[in-house]
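Below, each chain spelled out in residue letters.
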Amino acid sequence: MLSRRDLLSSAAALSLVPALARASAPDEAAKLNVLMDAIFNENLRRNPEGATQLGFDKGANADLKSKLRDESRAGKAASKAENADQLRRLMALDASKLDGMDRVNYETIRYTKESAVAVGQFDFGAQGSGPSPYVVSQQTGAYQSVPDFLDTKHRIETTADADAYLARLDAFAGQLDDNTEQMRHDASAEGVAPPDFLLDLALTQLAATRTTADKSLLVTSIARRAKEKGLSDDYVKKAAAIYDAKIGPALDRQIAQAKTLRAAASHDAGVWRFKDGEAFYAAALRSTTTTSMTPDQIHQLGLDQGKDIAARIDLLLQKQGMTTGTVGERILALYKQEVYPNTDDGKAQCIAYCNQRLDEIRPHLPAVFKRIPDYKFEVRRVPPQTEPGAASAFSQPPTLDGTRPGIVYFNLHDSAEWPKWCLSTTVFHEGLPGHQLEGGLALANTSLPLIRKVTGFSGYAEGWALYAEQLADEIGMYDDDPLGRIGYLQFQLFRANRCVVDTGIHHMKWSREQAVQFLVEHGGSAPGFAAREIERYCTIPGQACSYKLGHTVWTRGRARAKTALGAKYDIKDFHEAGLGCGRVPLDVLDGVIDRFIAARKA
């Protein structure tokens, strides 16, 4: 069992966030610490992939390295029951006796448990980067996540590691069938199935995954790595046998079920069309944004902020001599400039430039941060087999022990969607000082219990990453790159527009095509990029709104601190307060900032 004592120093806990350092009742704080340890270990046992991701599939949890999550309906029911029991145990504590970081920890864990209960009331769907009504789509389902996970996260150093890999291949076949059964249930019992265009994407990716054993990543991965470690050739033969006997047939069954759904699929994009669609969207918005804003309020915020950002871009475009056409039309015209060749060599050049920008911002960070994580970070290309439906860019954290770096992925399906002038801001968002810095500081934060290190909130994290894009501009990363600054603001506009199109799709009954057109016309997004993004929002409702809402909370909090503190304000202290508390719901973050301001004024 992993204990909070393994990583927690009480002295460090008090020094990192002075504004939160007030004392709780010792007995109640101790009960909370014990309970957080227990919940962390219970959750870890239910999530073997997460254990490997964190580097915790060793010691007392070494058996997890040969397992995958239980995706069966019985397994999901057991997970919901365990979550409800964890919430019951948490609510039994006397929160009035908790203060400082203990109170933040309590409020944060309680939020995650209550949010899971709210989402878990719906007997359909799955969890992606947020609640999804669809267990299998272009972005959800074991078929698209496990092969890359096994290739990039499951380390093979010894025969025991290779044996565990084979055991996971066997479990993967079971996961596929569990997903297929959930697809069947959701459609027949709940009337929930993906729209036709999402099924088309999923079928394309399923077909690419369903290949011959010798061409499957599941087999070529262990073949390559077993050879590098001098392990027996038998592992390749055994992996191929499992693929042919179990995985291939399971993929065939899933493809058949997806085709059955496709034959009767609707083209309507939003969850409004389902019996419980309105309630599901409300729960998804609450889960991912961690706010109580209504769809109508979020829609209007997106329109208002989009208008302001577009005005700033207009002035910059005029300075470039681009005065004719709408802002969106002029941005689209920029997509013809600084484009890398759509070849493997051109894509390698693109990734090299992204890593260069990551290196270039590092020396600037100590000017605005008290702590920089020691972890390594790098940029990679999305694996070609999952490019058609993968997000345009995303980030994966390092292992807690630093044995694997944090990774920023770019989807280079079409290099024309990523001209050089719009790469930097995404590197800063996904890498430094964005997700990788924020996440790296959480992992390295000795004041946080383990469960807080691995618990994330889209509103907090995506809001920070969007603020990090702004911060990169403020510390001079575009001083000699005017097109790059336009790219930064275009992505700010894009996040405002996300609030408009996500609520448009799921609340106002917009079509896929209407939403794509809005991103193209009002934000200058490349059509292919816009389509892939809209398809993502159709799959994971609400999550796209978390970026701008979170960014708004971070920037308003900073403005509030600057106004209140005057000469006492220090941006390093503000960042330390907001990041030192770890990932929290946005309402909790506002409270943290208020206590930081009060402590500094005292």
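The text that follows walks through the structure, step by step, so that each part is easy to find. (Residues numbered from 1 in each chain as written. Predicted model: local features only at pLDDT ≥ 70, side-chain atom pairs only at ≥ 80, totals over all residues. Heavy atoms only, no water.)

Moving on: the environment of Pro398. Tracing the chain through its elements places Pro398 in the loop between β4 (393-396) and β5 (406-410). Given a relative accessible area of 2%, Pro398 falls into the buried group. Taking the C-alpha atoms as reference points, Pro398 and Ile331, 67 residues apart in sequence, are found 35 Å from one another. (Helix = DSSP H or I, 4+ residues; strand = E, 2+ residues; numbered from the N terminus. Buried < 20%, exposed > 50% of the residue type's maximum accessible area, 1.4 Å probe, protein only.)

As a further point, take the packing of helix α7 (residues 159-190) against helix α10 (residues 234-263). At a minimum axis separation of 10 Å, α7 and α10 run at an interaxial angle of 10 degrees. By the angle class used here, α7 and α10 are roughly parallel. Residues that form the contact of α7 with α10 fall into these classes: 16 nonpolar, 5 polar and 7 charged. (Axes fitted to C-alpha atoms, helices over the stretch in contact; angles between N-to-C directions. Parallel < 35°, antiparallel > 145°, perpendicular 65-115°, else oblique. Nonpolar A, V, L, I, M, F, W, Y, C, P; charged D, E, K, R; others polar.)

Tallying each qualifying case throughout the model produces 23 aromatic pairs. One aromatic cluster is present, built from ring pairs that chain together Phe369, Tyr460, Trp464, Tyr467, Trp554 and Phe574. In this structure, Lys238 packs its charged tip against the face of Tyr235, placed 6.0 Å from the ring centre. Just above the ring of Tyr547 sits the side chain of Arg498; from NZ or CZ to the centre is 4.2 Å. (Phe/Tyr/Trp six-rings, centres within 6.5 Å; stacked < 30°, edge-to-face > 60°. Lys NZ or Arg CZ within 6 Å of the ring centre and 35° of its normal.)

This part takes up helix α2 (residues 26-46). When the terminal C-alpha atoms of α2 are compared, their 31 Å separation across 21 residues agrees well with the 30 Å that a helix rising 1.5 Å per residue should span. All of the buried residues in α2 are Glu28, Ala29, Leu32, Asn33, Leu35, Met36, Asp37, Ile39, Phe40, Asn41 and Leu44. (Expected span 1.5 Å × (residues − 1).)

A word on the pairing of β5. In terms of residue burial, β5 counts as a mostly covered element, since 5 of its 5 residues are buried. Because side chains alternate across β5, one face comprises the buried residues Gly406, Val408 and Phe410, and the other comprises Ile407 and Tyr409, equally buried. Direction of pairing for strand β3 (residues 377-381) relative to β5: parallel, over a ladder of 5 bridges. Directly across from Val379, in β5, lies its bridge partner Val408. (Pairing = 2+ DSSP bridges.)

Here we take up empty space enclosed by the protein. Throughout the structure, instances matching the rule amount to 3 cavities of 30 Å³ or more. Volume-wise, the largest cavity comes out at about 120 Å³. Together, 15 residues line the largest cavity, and Ala393, Glu430, Phe494, Arg495 and Arg498 are the ones closest to its centre. Of all the elements in the fold, those that place two or more residues in the lining of the largest cavity are α15 (424-430), α19 (482-506) and α21 (527-539). Here the lining of the largest cavity takes 4 residues from α19, the largest share from any one element. (1 Å grid on protein atoms, 1.4 Å probe; cavity = no way out; pocket = protein on both sides within 12 Å on 5 of 7 lines; lining within 4 Å. Points joined across faces, edges and corners; volume = space filled by probe spheres on them.)

If you look at the biggest cluster of nonpolar residues, it comprises 134 residues, and the most contacted ones within it are Ile313, Phe410, Trp418 and Ile534. Among residues more than four places away in sequence, those in contact with Ile534 are Val501, Ile505, Arg512, Ala515, Val516 and Leu519. By size, the runner-up hydrophobic cluster in this structure holds 39 residues, among which are Ile156, Leu169, Ala239 and Tyr243. (Core = buried A, V, L, I, M, F, W, Y, C linked by side-chain atoms within 4.5 Å. Contact = heavy atoms within 4.5 Å.)

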